[in-house]
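Each chain, written out:
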Amino acid sequence: MVGVDQAVREEAAILRQQLNDHNHLYYVLDDPSIPDAEYDRLMRKLQQLESEHPTLKTADSPTQRVGGEPLEAFKSVVHEVPMLSLDNAFSDEDLLAFHRRVTERLKLSGPLAYVCEPKLDGVAVSLLYQDGVLIRGATRGDGSTGENITENVRTINSIPLKLQTDEPPSLLEVRGEIYLPRTGFEKLNQEAKAGGGKLFVNPRNAAAGSLRQLDSKITASRSLEMAAYSLGRIEGLQPPKTHSKTLVLLKGWGFLINPHVEVAGDINDCLSYYQKLLGIRDQLPCDIDGIVYKVDDIGLQQRLGFVARAPRWAIARKFPAQEEMTQLLDVEFQVGRTGAVTPVARLEPIFVGGVTVSNATLHNQDEVVRLGVKVGDTVIVRRAGDVIPKVVKVVLEKRPATAKEIIFPLHCPVCDSPVERVEGEVVTRCSGGLVCSAQRKQAIKHYASRKAMDIEGLGDKLVDQLVDQNLVTAVDDLYGLKLDQLAGLDRMGNKSAQNLLLALEASKTTTLPRFLYALGIREVGEATARSLAKHFGHMAALQQASQEDLQEVSDVGPVVAHFVHDFFAQSENVEIVHKLSDAGICWPDIVSDGDQLLPLAGQTWVLTGGMDVMGRSEAKEKLQQLGAKVAGSVSVKTDCVVAGAGAGSKLKKAEELDIRVLDEAALLEFLRKNDLF
Ligand code: IVH
């Protein structure tokens with residue numbers, strides 16, 4: 001590098017190393033060791049050096065992660081070692097038959113160790129490192145030829161641009177799966193919806209679509225991740241003798257290895273591993289479509305070899321599919337607590353995502369229009385981690401001539417009051433309020449629910465009966481119910497009736513936040529109820545609060561203030577609150593700092609960037625005094641991020657995850673309101 005001073009070159013090398021190390025701590029280990037502002041300072045310094053001396057811009061430079069110039073087209077890449085696929089097993093019997101084939105071929109009788117890995121549902125990739133530096137990324141393509149997507153893989157933070165070792169192999173090919181975690185997928189679709197763009201059906205399609213971008217800046221914006229699962233070519237280093245040791249080696253070089261990978265001592269452990277993963281599948285941060293079992297011993301793998309395009313030493317045990325096709329039999333309209341009229345698809349029952357589904361939400365009128373769905377259509381139903389099944393697509397080729405348009409009702413299907421759609425809202429609502437028995441039922445179900453008054457034994461079916469038989473019109477009537485009224489109801493014996501009366505009695509002693517939440521005021525969730533309770537302390541003060549007073553509360557904006565004010569401006573609601581208080585509902589005043597009464601109890605906050613007025617540790621202490629847990633990194637569990645001067649990647653992540661962000665001034669104001677500043 002003629003012309004660039006040795007000292008400058010060294011400085012750039014040190015900066016690259018530091019940034020790559022911090023990147024690994026942040027994105028792979030989830031354990032950052034420096035503040036974001038410091039990371040950003042190091043990055044700016046390196047960018048500055050590289051712009052002053054362009055020859056310093058190396059392939060492993062972290063400045064290259066932001067995406068480069070758009071490409072005209074992808075070039076093809078030939079895989080010297082073909083990228084194989086896997087045979088599938090759909091039952092325990094299939095897996096045991098696989099094991100039998102393996103042991104017979106190897107003439108083994110004792111136990112055989114397998115590595116069990118989640119089968120990530122994304123896009124397979126090959127990464128090539130020369131002397132430890134990432135030089136090429138390629139898709140699997142047809143297994144022999146893929147596409148060169150180097151510019152795009154460089155933007156993925158969990159992919160090391162440079163191996164974390166001083167003695168890298170001269171050539172290394174790492175294979176793995178690029179995928180989009182569910183939060184990234186939801187966010188991408190939300191944005192597409194808001195912008196009128198096309199929605200992705202599932203995270204795998206979204207990952208594939210993101211990698212197929214000729215403009216790597218788009219890929220960079222899509223929070224993709226990569227987990228490594230095997231070696232391809234390796235030169236200049238003896239590879240480990242087992243697959244499990246290979247994964248340990250890859251981890252040491254800086255790759256992300258799925259945390260659920262386990263070694264099973266024998267095939268029975270493989271069977272229990274399947275059950276264990278199936279049980280937590282819905283809670284995982286990303287979609288997995290099964291388990292891959294691999295013979296751990298590489299020597300044995302080599303003896304087993306391949307058939308056609310799949311190895312004999314590995315198999316994919318598939319989970320029940322998360323998407324299936326079925327027929328839309330009818331659409332019914334359900335009325336919720338706030339009067340929202342939701343179209344619900346009645347489906348030909350279908351086994352999807354591990355359960356039989358016969359209903360799926362169609363959300364609202366806009367969604368029905370977007371899907372272009374008609375009654376009689378064949379549709380794709382998806383049930384993934386989010387439990388509520390969704391219709392994601394219409395199979396137009398299968399549309400019958402008899403398919404019928406979905407007509408939205410002009411009157412509430414329950415109480416016949418006109419429905420209305422407020423401008424700017426997507427939801428259609430019944431205007432009947434408490435006249436509408438559907439809204440009343442939902443209000444009572446909400447009141448009784450676990451996070452509200454927690455009335456055990458007051459289930460949905462019972463509420464339906466109580467309202468249908470005019471025993472209960474509003475929540476206060478619950479406390480006037482008599483044993484003989486309850487015992488006479490369908491599927492209620494004397495014992496259950498007695499238990500319900502005891503549960504109703506027990507519910508009378510509660511907390512102000514629970515009671516406020518139980519009232520079912522629009523947009524007042526648990527957290528807002530807690531903030532309102534903490535701020536006003538007493539019900540009377542809250543009832544009298546003006547919209548301006550309400551907006552003084554930390555997380556109350558004009559919309560919530562309007563709903564709260566409106567609720568207490570209606571005499572029926574005030575009357576219900578009085579009647580509940582007459583029935584004996586009570587709570588301790590909010591003066592003690594019993595944990596659950598603290599305004600930030602149960603919340604996780606993250607502090608990032610520099611603070612001018614108050615030091616970070618002081619701010620942390622004060623947030624903890626208010627009940628918050630203060631964490632070091634941003635995740636879906638974060639409730640709020642305080643972003644001081646120079647905040648960088650944590651702020652970006654908070655924005656990506658749609659997490660509330662406060663600046664230093666807002667934090668100080670919040671602390672002031674809580675008498676801590
Ligand atoms: S091993 C020869 N391990 O599944 C072994 N594959 O049908 C080949 N996949 O295209 C792959 N997670 O995209 C392997 N832990 C894992 C995997 C995995 C997902 C995908 C991969 C491949 C397909 C095989």
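Residues numbered from 1 in each chain as written. Predicted model: local features only at pLDDT ≥ 70, side-chain atom pairs only at ≥ 80, totals over all residues. Heavy atoms only, no water.

Enquirer: Quick one: what's the story with the overall build of the protein, residue by residue and with numbers?
Expert: Counting its regular elements, the protein contains 24 helices and 24 strands. Taking as baseline every contact in the protein between residues at least 6 positions apart, the subset at least 24 positions apart corresponds to 68%. If you sum the accessible surface of the protein, you get close to 32,200 Å²; carbon and sulfur atoms cover 50% of it. (Helix = DSSP H or I, 4+ residues; strand = E, 2+ residues; numbered from the N terminus. Contact = heavy atoms within 4.5 Å. Areas by Shrake-Rupley, 256 points an atom, 1.4 Å probe, with all protein chains shown as cover.)

Enquirer: Hey, could you go over the environment of Thr608 for me, with residue numbers and the actual values?
Expert: Among the secondary structure elements, Thr608 is positioned in strand E21 (residues 604-608). On the basis of relative accessibility, which here comes to 1%, the residue Thr608 falls in the buried class. Once the C-alpha coordinates of Thr608 and Gly459 are considered, the two residues, 149 residues apart in sequence, prove to be 44 Å apart. Apart from residues lying up to four places away in sequence, Thr608 is in contact with Asp36, Arg616, Val641, Val642, Ala643, Gly644, Ala647 and Lys650. (Buried < 20%, exposed > 50% of the residue type's maximum accessible area, 1.4 Å probe, protein only.)

Enquirer: Tell me what's going on with the site of the ligand, and back it up with residues and numbers.
Expert: Taken together, 14 residues form the shell around the ligand, and within it Glu117, Leu120, Glu177, Tyr229 and Lys294 come nearest. Within the side chain of Glu117, one N or O atom sits 2.7 Å away from a nitrogen atom of the ligand. The side chain of Lys294 places a nitrogen or oxygen atom 3.0 Å from a nitrogen atom of the ligand. Coverage of the ligand by the protein amounts to 87% of the 520 Å² it exposes when considered alone. Going through the elements one at a time, strand E3 (114-120) and strand E10 (288-295) are the ones with two or more residues in the shell around the ligand. Here the element with the most residues in the shell around the ligand is E3; it accounts for four residues. (Near = heavy atom within 4 Å. Polar contact = N/O pair within 3.5 Å; in protein donor to acceptor, adjacent residues only side chain to side chain.)

Enquirer: So, the sheet that holds strand E4 (residues 123-130): which residues are in play, and what are the values?
Expert: If you trace the four strands from one edge of the open sheet to the other, you get E5-E4-E7-E8, paired in antiparallel fashion. The open sheet has two free edges, formed respectively by strand E5 (133-139) and strand E8 (225-235), since each of these has just one partner strand. Each adjacent strand pair in this sheet contributes to an overall mean axis angle of 25 degrees, direction not counted. Two elements, E4 and strand E7 (residues 171-179), share eight bridges in a ladder whose sense is antiparallel. Bridge assignment links Val123 to a residue of E7, and that residue is Ile178. (Pairing = 2+ DSSP bridges. Axes fitted to C-alpha atoms, helices over the stretch in contact; angles between N-to-C directions.)

Enquirer: A description of helix H13 (residues 460-468) should follow, citing residues and the corresponding values.
Expert: Among the residues of H13, Leu462, Val463, Gln465, Leu466 and Val467 are the ones counted as buried. Buried residues along H13 sit against helix H12 (437-448), helix H14 (483-487) and helix H15 (494-507). Looking at the residues trailing H13, positive phi occurs at Asn470, about 55 degrees.

Enquirer: An account of the sheet that holds E10 is needed here, citing residue identities and associated values.
Expert: Pairing within the open sheet is mixed, and its five strands lie in the order E2-E13-E10-E3-E9. The open sheet has two edge strands, strand E2 (88-89) and strand E9 (262-264), and neither has a second partner. Across three bridges, E3 lies against E9 in antiparallel orientation. Residue pairing in the sheet places Cys116 in a bridge with Glu262 of E9. Of the strands in this sheet, E2, E3, E10 and strand E13 (314-318) are in contact with helix H3 (residues 92-106), which crosses E13 at around 175 degrees.

Enquirer: Tell me what's going on with the nonpolar core, and back it up with residues and numbers.
Expert: Judged by nonpolar contacts, the single largest core of 52 residues is most densely connected at Tyr447, Ile455, Leu478, Leu519 and Leu532. Breaking this core down by element, the ones donating at least two residues are H12, H13, H15, helix H16 (512-518), helix H17 (526-536), helix H18 (539-544), helix H20 (558-569) and helix H21 (571-582). Per-element tally for this core: the top contributor is H20, with six residues. Counting 33 residues, the second largest nonpolar core, distinct from the first, contains Leu163, Val174, Phe185 and Leu250. (Core = buried A, V, L, I, M, F, W, Y, C linked by side-chain atoms within 4.5 Å.)

Enquirer: Break down empty space enclosed by the protein for me, with residues and values.
Expert: As enumerated under the stated definition, the model contains two cavities of 30 Å³ or more in all. The calculated volume of the largest cavity comes to roughly 120 Å³. For the lining of the largest cavity, the class distribution of residues is four nonpolar, eight polar and three charged. Roughly 30 Å³ of volume is contained in the second largest cavity. In terms of lining, the second largest cavity is formed by Ser531, Ser554, Asp555, Leu600, Gln603, Trp605, Arg660 and Phe670. Tallied by class, the residues present in the lining of the second largest cavity amount to three nonpolar, three polar and two charged. (1 Å grid on protein atoms, 1.4 Å probe; cavity = no way out; pocket = protein on both sides within 12 Å on 5 of 7 lines; lining within 4 Å. Points joined across faces, edges and corners; volume = space filled by probe spheres on them. Nonpolar A, V, L, I, M, F, W, Y, C, P; charged D, E, K, R; others polar.)

Enquirer: Now, about the pattern of salt bridges: what can you tell me, with residues and values included?
Expert: Under the counting rule described, the total for this entry stands at 30 salt bridges. Between Lys187 and Glu191 there is a salt bridge, with the nearest N and O atoms lying 2.9 Å from each other. Taken together, the positions of Lys187 and Glu191, both in helix H5 (residues 182-194) and four residues apart, correspond to about one turn of that helix. One salt bridge connects Arg382 with Asp287, and the closest N-O pair in it is separated by 2.9 Å. With Arg382 in strand E17 (residues 378-382) and Asp287 in the loop between helix H9 (267-280) and E10, this residue pair connects regions lying 95 residues apart in the sequence. Take Arg382: its relative accessible area is 8%, and that puts it in the buried class. Here the residues in one salt-bridge network are Arg182, Asp287, Glu323 and Arg382, joined through shared partners. (Salt bridge = Lys/Arg side-chain N within 4 Å of Asp/Glu carboxyl O.)

Enquirer: With reference to specific residues and values, describe the packing of aromatic side chains.
Expert: Counted according to the given criterion, the structure contains seven aromatic pairs. Each ring, one from Phe306 and one from Trp313, has its centre 6.4 Å from the other, and the planes form 70 degrees; the classification is edge-to-face. Look at Phe306 and you get partly exposed, because its relative accessible area is 47%. For Trp313, a relative accessible area of 17% translates into the label buried. On the numbers, 5.1 Å between centres and 85 degrees between planes, the contact of Phe567 with Phe568 is edge-to-face. (Phe/Tyr/Trp six-rings, centres within 6.5 Å; stacked < 30°, edge-to-face > 60°.)

Enquirer: Before we move on, can you summarise helix H22 (residues 616-625) with the specific residues and values?
Expert: Residues spaced three or four apart along an α-helix point in a common direction, a consequence of the helix completing one turn every 3.6 residues. Ala619, Lys622 and Leu623 are the residues of H22 that are buried. When H22 is viewed along its axis, its buried side chains cluster within an angular range of 100 degrees and face the same direction. Gly627, located one to two residues past H22, shows a positive phi value of around 105 degrees. (Arc of directions from axis to C-beta.)

Enquirer: Mind laying out the packing of H12 against H13, listing which residues take part and the relevant values?
Expert: Where H12 contacts H13, the axes come no closer than 10 Å and their chain directions differ by 135 degrees. Relative to H13, H12 is oriented oblique. Between H12 and H13 the crossing geometry is right-handed. Where H12 approaches H13, its residues Ser437, Arg440, Lys441, Ile444 and Lys445 are matched on the opposing element by Asp460, Val463, Asp464, Val467 and Asp468. Within the contact of H12 with H13, the residues separate by chemical class into three nonpolar, one polar and six charged. (Parallel < 35°, antiparallel > 145°, perpendicular 65-115°, else oblique. Left-handed = near helix turned anticlockwise from the far one by under 90°.)

Enquirer: Account for the pairing of E7, with residues named and values stated.
Expert: Where burial is concerned, most of E7 is hidden: nine out of the nine residues are buried. Going residue by residue along E7, you find Leu171, Glu173, Arg175, Glu177 and Tyr179 tucked away on one face and Leu172, Val174, Gly176 and Ile178 tucked away on the opposite face as well.

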